[in-house]
Amino acid sequence: MADLQETKESALPGTGLEAAPAGSEEGVVEDNGAEKPAGGMPTTYDPREAEARWYAYWQEKGFFKAGNRPDKESFTIVIPPPNVTGMLHIGHALDFTLQDILIRMKRMQGFDTLWLPGSDHAGIATQTKVEQKLREEGITRYDLGREKFVEKVWEWKEHYNGIIREQWAKMGLSLDYSRERFTLDEGLSKAVREVFVKLYEKGLIYRGKYIINWDPAARTALSDIEVEYKEVQGHLYHLTYPLKDGSGSLTVATTRPETMLGDTAVAVHPKDERYRHLIGKLLVLPITGREIPVIADEYVEREFGSGAVKITPAHDPNDFEVGRRHDLPQVLVMDESGTMNANAGKYQGLDRFECRKQIVADLKEQGVLLKIEDHVHQVGHSERSGAVIEPYLSTQWFVSMKPLAENAIAAQKSGKGANFVPDRFERTYLQWIENVRDWCISRQLWWGHRIPAYYCQDCGEVHVAHEAVAACAKCGSAIIKQDDDVLDTWFSSALWPFSTLGWPEKTADLQRFYPTSVLVTGYDIIPFWVSRMMFTGLEFTGETPFKDVLIHGLVRDSEGRKMSKSLGNGVDPLEVIEKYGADAMRFMISTSSTQGQDLRFRWERVEQARNFANKIWNASRFALMNLEGITAADVRLDGQLSTSDRWILHRLNETVRDVTRLMDQYDFGETGRHLYNFVWDDLCDWYIEFAKLSLYGTDAQAKASTQAVLAYVLDRTQRLLHPFMPYISEEIWQHLPHEGETITLAQWPVYDPALEAADAVGEMGFLMEIIRTVRNIRAEVNVPMSKKIELLVKPSDEQAEAVLTRNVDYLKRFCGTSLLEIQADLAAPNKAMTGVVTGAELYLPLAGLIDIAQEITRLEKEVQTLNGEVERVEKKLANTGFVAKAPAKVIEEEKAKMADYAAKREIVMARLQELKG
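These numbers were taken from a predicted model, which means no experiment stands behind them.

A few words on the overall build of the protein chain. Along the backbone of the protein chain there are 27 helices and 29 strands. The 917 residues of the protein chain split such that 54% are buried. In the protein chain, the share of contacts with a sequence separation of at least 24, taken over all contacts with a separation of at least 6, comes to 77%. Carbon and sulfur atoms make up 48% of the accessible area of the protein chain, which amounts to about 39700 Å² in all. When the 108 basic and 136 acidic side-chain charges of the protein chain are each reduced to a single mean position, those positions are 3 Å apart.

So, in structure tokens, the structure goes:
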């Protein structure tokens, strides 16, 4: 519900059921004003106490453990594993709450539910955090050595994994902790080795030299999707390279002049008439004096720039491909730290950006720098370290993506893939996987899955194996060294849906709970994670790893900005829970946006959700005051039901139907709107007020029926709310007449055709329209509900008259009448306020409402005041000096004021005329 979230004013003021602020002492007040205990429920709800108590109870009883319903259909979610880099943020709270809502509902529907928890080792991110901590202590990972450093990272992991578990508990997540996994645990490590070996044996993993994204700060390779592109104000340098034979020169342009030291050719298009005669000639590379050829390649765009392109195979991915086609040398001019190496000649030892400054000065001095232009362009930055990425020629391990991608694309297009919700994200998935490049999977780190490749130090033979290799299969040498690199974090994450269930072993869990039912995740990691799980799942299990993929948006701040440390606008979910309770946070965050759209976090919305929880609490306390002695066996719907009883059962039934349908469609916003409107409007503001007539009346049978209905409706309402608000719903449900240990395992409500009552809906709609109309008239003439009035009702037909007569007690109570007349032949009184509703005309004699003479005097004064306001604004707008100088916005505001004053004057004058008439 994109806007729950305006906190509603009660449609029936003074009921005692308005939401009380947290910590207030407002309780449930009877008509006599005396506060009374309500079935053992405290006056106010204490989220902190209830949350700790109920989560411990659920855990102790094992309600969240999967496998207890072997004869039932399974429903599985594997949690997107949070990184052990630190604490969870508000985006995690959204992601996990949506999953918990689904798993709690399915558990109540009788499924054998598994929500599998776990966390990710997050290679580069976690290593970076630990290295930062070590630097604060004045040491580096190299001081410790690999083994000791990895021990330090494991200590970090244990600390933050514990914090994450505490945060999960605070959020109320119904996870099966007995199956918790970690991407570096023994079982998942075995799965990683199995996949690596199998892909290697199929020729889909290979090792080779290639241009990769290099992070000089972290000194590791990055995949394309670990690079963030930022718009940077840079420069375009135009250089001239002279021909060796002195017959001329070629002009090239670059944004990275330091890389010219690695140029090994200049390329032109083979059909470019300007340069065809130069193909095959030699150029002299400025500064170095090295000779490089002019080559022809269709990669060159003739219309762009000069039509000549410098080729640097070791420092540009496109140039690398051109160089392979023409067998060009690959001259690497930097080392892994971004420092110029021996191939850079006199610039050796300079940082790449310092080298740029120096080389530009030297090019100017040589007269070969023709011009420098300002140039805005996209520059890749490391997602983790923030360093500018360097395209770098390096020996790395790669996954050959084309065969895997083709399999995934075929499955998706044939209908055997996953169902994306919203479906527009299927295009995002396909667009990425259809254009995927080979995946660089090796990382120059110490924390992670070490690549299972072993090198013979005598003959150079490469062995890829599940376990450590003792001797070379080729030469028999025992001098074997394992590859120092680790795998990209996403390599192990790609196996998460099936490796966590025991694959490659054919475990009972794998057979029972795979494929999983739904993946819930943000749209930002469709390329990182979703796509990789899809192709690995298909490759190694023959099945798509999940039936549905539910994509949600990001949580942004109230201004729509991405949350970040630099902006200081992040929100800690534990702070929200501490202030308002977990239920308020969960309800707000899960219902405040539409499918796939970003959510703006606003504190006032959390407060409104808290007020909603208080509304539920106060209504339940009132009900329990009137349910003393009622047991679950007494809650039957076969008694003498009133119109309002049948109406609320009908509305509950509709809400059950709509909520279940919307939940199955993953439409949490609309689900929240239906729940909110039913609880606030139908149950609290209308039914409970109507129920008081039976509860406080003398008809024992009517009272018993209403008690049963009230208990039944509150019970089912708590069940519907439970996935969203697990704590308060459990607390209330335990006080209601019930059977069973916990609402967590209570049966989910189902639509019951026997509860349909269209006639009661019609009657209640008629009565509610009359009550609203009378109250609006009261408000219009400032007559409080405490003052009794006369009400004359003229029904339009016999059916309307019968409904009014049958429900006369409701009308007397909620219209606040001293006299109520219902007559089909009623003559309209001369001086009366009139209301018209479908099925009746309403008359409220003025004599019973106001002092007419006094009201005429008051209204005449109001007309004078409004005349003055209209005249004042007219003069201002007639002032040419004001109109000439004032901003257009101010002028429009003044015109709007004048129109508003004039409209109000017309209403008051019409009312005045009516009174004088």
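Another aspect to go through is the sheet that holds strand 10 (residues 282-284). Taken together, the four strands give an open sheet; going across it, the order is 10-11-9-12, and neighbouring strands pair in mixed fashion. Edge positions in the open sheet fall to strand 10 and strand 12 (308-311), since each of these has one partner strand only. Averaged over all pairs of adjacent strands, the angle between strand axes in this sheet comes to 30 degrees, irrespective of strand direction. Pairing of strand 9 (residues 265-268) with strand 11 (residues 291-296), which is carried by three bridges, proceeds in the parallel orientation. Bridging from a neighbouring strand, Ala 267 pairs with Ile 295 of strand 11.

Summarising the model, the protein chain shows a mean pLDDT of 89, and 95% of its residues fall at 70 or more. In the model, residues 2-38 has pLDDT below 50 throughout and makes 100 contacts with residues more than four positions away in sequence or in other chains.

Helix length check: helix 3 (residues 123-136) (14 residues) gives 20 Å between terminal C-alpha atoms against 20 Å at 1.5 Å per residue, within 8%. Within helix 3, the full set of buried residues consists of Gly 123, Ile 124, Ala 125, Thr 126, Gln 127, Val 130, Glu 131 and Leu 134. On its buried side, helix 3 packs onto helix 4 (141-144), helix 5 (146-171), strand 5 (205-215), strand 6 (220-222) and helix 11 (489-493). With its phi angle positive at about 80 degrees, Gly 138 sits one or two positions after the end of helix 3.

A few words on the packing of helix 19 (residues 668-695) against helix 20 (residues 700-721). To describe two helices that pack against each other, one gives the angle between their axes and the distance between the axes. Two numbers describe how helix 19 lies on helix 20: the axes approach to 10 Å, and their chain directions differ by 165 degrees. By the angle between their directions, the pair helix 19 and helix 20 is classed as roughly antiparallel. Regarding helix 19 and helix 20, the two cross each other, and that crossing is left-handed. Between helix 19 and helix 20, the residues in contact are Leu 675, Phe 678, Val 679, Leu 683, Tyr 687, Ile 688, Ala 691, Ser 694 and Leu 695 and Ala 702, Lys 703, Thr 706, Gln 707, Val 709, Leu 710, Val 713, Leu 714, Thr 717, Leu 720 and Leu 721, respectively. Class assignment of the residues belonging to the contact of helix 19 with helix 20 gives a composition of 15 nonpolar, four polar and one charged.

Time to look at the packing of aromatic side chains. What characterises a pair of aromatic rings is the spacing of the ring centres plus the angle enclosed by the ring planes. Taken as a whole and assessed by the stated rule, the structure comprises 39 aromatic pairs. Centre to centre, the rings of Trp 154 and Trp 447 are 5.3 Å apart; their planes meet at 85 degrees, and the pair counts as edge-to-face. Of this pair, Trp 154 sits in helix 5 while Trp 447 sits in the loop between strand 17 (442-443) and strand 18 (453-456), and the two are 293 residues apart along the sequence. By relative accessible area, which is 1% here, Trp 447 ends up buried. On the numbers, 5.1 Å between centres and 40 degrees between planes, the contact of Phe 587 with Phe 612 is tilted. Of this pair, Phe 587 sits in helix 16 (residues 582-591) while Phe 612 is found in helix 17 (residues 603-625), placing the two residues 25 residues apart along the sequence. Phe 612 matches Phe 587 in its accessibility class, with the two residues each being buried. By way of ring pairs, the aromatic residues Phe 196, Tyr 200, Trp 397, Trp 439, Phe 491 and Phe 535 are connected into one cluster. Across from the ring centre of Trp 58, 4.7 Å away, lies the NZ or CZ of Arg 104, which sits over that ring. Directly above the aromatic system of Phe 513 lies the positively charged group of Arg 512, at a separation of 5.9 Å from the ring centroid.

This part is about the environment of Lys 271. Its location among the elements puts Lys 271 in the loop between strand 9 and strand 10. Residue classification places Lys 271 among the exposed residues on the basis of a relative accessible area of 51%. Separated by 304 residues in sequence, Lys 271 and Glu 575 have C-alpha atoms that sit 66 Å apart.

Take the sheet that holds strand 14 (residues 390-399) next. Sheet architecture is open: four strands sit in the order 6-5-14-16, paired in antiparallel fashion. Each having just a single partner strand, strand 6 and strand 16 (439-440) make up the two edges of the open sheet. Here strand 5 pairs with strand 14 via ten bridges, running antiparallel. For Trp 214, the partnering residue across the bridge sits in strand 14 and is Glu 390. Together, strand 5 and strand 14 form the strand contacts of helix 7 (residues 317-326), whose direction differs from that of strand 5 by roughly 140 degrees.

This brings us to the pairing of strand 11. Taken together, the three bridges between strand 10 and strand 11 define a ladder with antiparallel strand orientation. Within the sheet, the bridge partner assigned to Leu 283 lies in strand 11 and is Ile 292.

For the rest of this paragraph, the subject is unusual backbone geometry. Note that the residue after Val 421, namely Pro 422, is joined by a cis bond; omega there is -5 degrees. With respect to the helices, strands and loops of the structure, Pro 422 is situated in the loop between strand 15 (419-421) and helix 10 (424-434). Backbone torsion omega between Trp 503 and Pro 504 reads 15 degrees, so that peptide bond is classified as cis. You can see Pro 504 is positioned in the loop between helix 12 (496-499) and helix 13 (508-513). Backbone geometry at Asp 327 places phi at a positive 55 degrees, although glycine is not the residue there. Summarising the element assignment, Asp 327 is placed in the loop between helix 7 and helix 8 (352-366). On the accessibility criterion, Asp 327 (69% relative accessible area) is exposed. In the Ramachandran plot, Asn 782 falls in the positive-phi region, its phi being about 60 degrees despite a non-glycine side chain. Following the sequence through the fold, Asn 782 ends up in the loop between helix 22 (758-780) and strand 26 (789-795).

Of note, Gln 707 is situated in helix 20. By relative accessible area, which is 11% here, Gln 707 ends up buried. A sequence separation of 82 residues divides Gln 707 from Ile 789, and the C-alpha atoms of the two residues are 31 Å apart. In contact with Gln 707, not counting residues within four places along its chain, are Asn 626, Leu 627, Ile 630 and Leu 695.

With that out of the way, let us pick up the side chain of Glu 51. Locating Glu 51 in the fold gives a position in helix 1 (residues 47-61). No salt bridge is formed by the buried Glu 51; the nearest opposite charge belongs to Lys 170, separated by 6.2 Å. Apart from the residues within four sequence positions on either side, Glu 51 is in contact with Lys 170, Ile 577, Gly 581, Ala 582, Asp 583 and Tyr 727.

The next subject is the pattern of salt bridges. Considering all chains together, one arrives at 59 salt bridges under this definition. The shortest N-O distance in the salt bridge between Arg 256 and Glu 390 comes to 2.5 Å. Of this pair, Arg 256 sits in the loop between strand 8 (249-254) and strand 9 while Glu 390 sits in strand 14; the two residues are 134 residues apart in sequence, bridging distant segments of the chain. A relative accessible area of 18% means that Arg 256 is categorised as buried. Of the residues examined, Glu 390 reaches a relative accessible area of 4% and is grouped as buried. Note that Lys 413 is salt-bridged to Glu 434, the shortest N-O span being 3.0 Å. Note that Lys 413 is positioned in helix 9 (residues 401-413) and Glu 434 in helix 10, a separation of 21 residues in sequence.

Quick notes on the rules
Residues numbered from 1 in each chain as written. Predicted model: local features only at pLDDT ≥ 70, side-chain atom pairs only at ≥ 80, totals over all residues. Heavy atoms only, no water. Helix = DSSP H or I, 4+ residues; strand = E, 2+ residues; numbered from the N terminus. Buried < 20%, exposed > 50% of the residue type's maximum accessible area, 1.4 Å probe, protein only. Contact = heavy atoms within 4.5 Å. Areas by Shrake-Rupley, 256 points an atom, 1.4 Å probe, with all protein chains shown as cover. Lys, Arg positive; Asp, Glu negative; His and termini not counted. Charge placed at Lys NZ, Arg CZ, Asp CG, Glu CD. Pairing = 2+ DSSP bridges. Axes fitted to C-alpha atoms, helices over the stretch in contact; angles between N-to-C directions. pLDDT = per-residue confidence, 0-100. Expected span 1.5 Å × (residues − 1). Parallel < 35°, antiparallel > 145°, perpendicular 65-115°, else oblique. Left-handed = near helix turned anticlockwise from the far one by under 90°. Nonpolar A, V, L, I, M, F, W, Y, C, P; charged D, E, K, R; others polar. Phe/Tyr/Trp six-rings, centres within 6.5 Å; stacked < 30°, edge-to-face > 60°. Lys NZ or Arg CZ within 6 Å of the ring centre and 35° of its normal. Salt bridge = Lys/Arg side-chain N within 4 Å of Asp/Glu carboxyl O.

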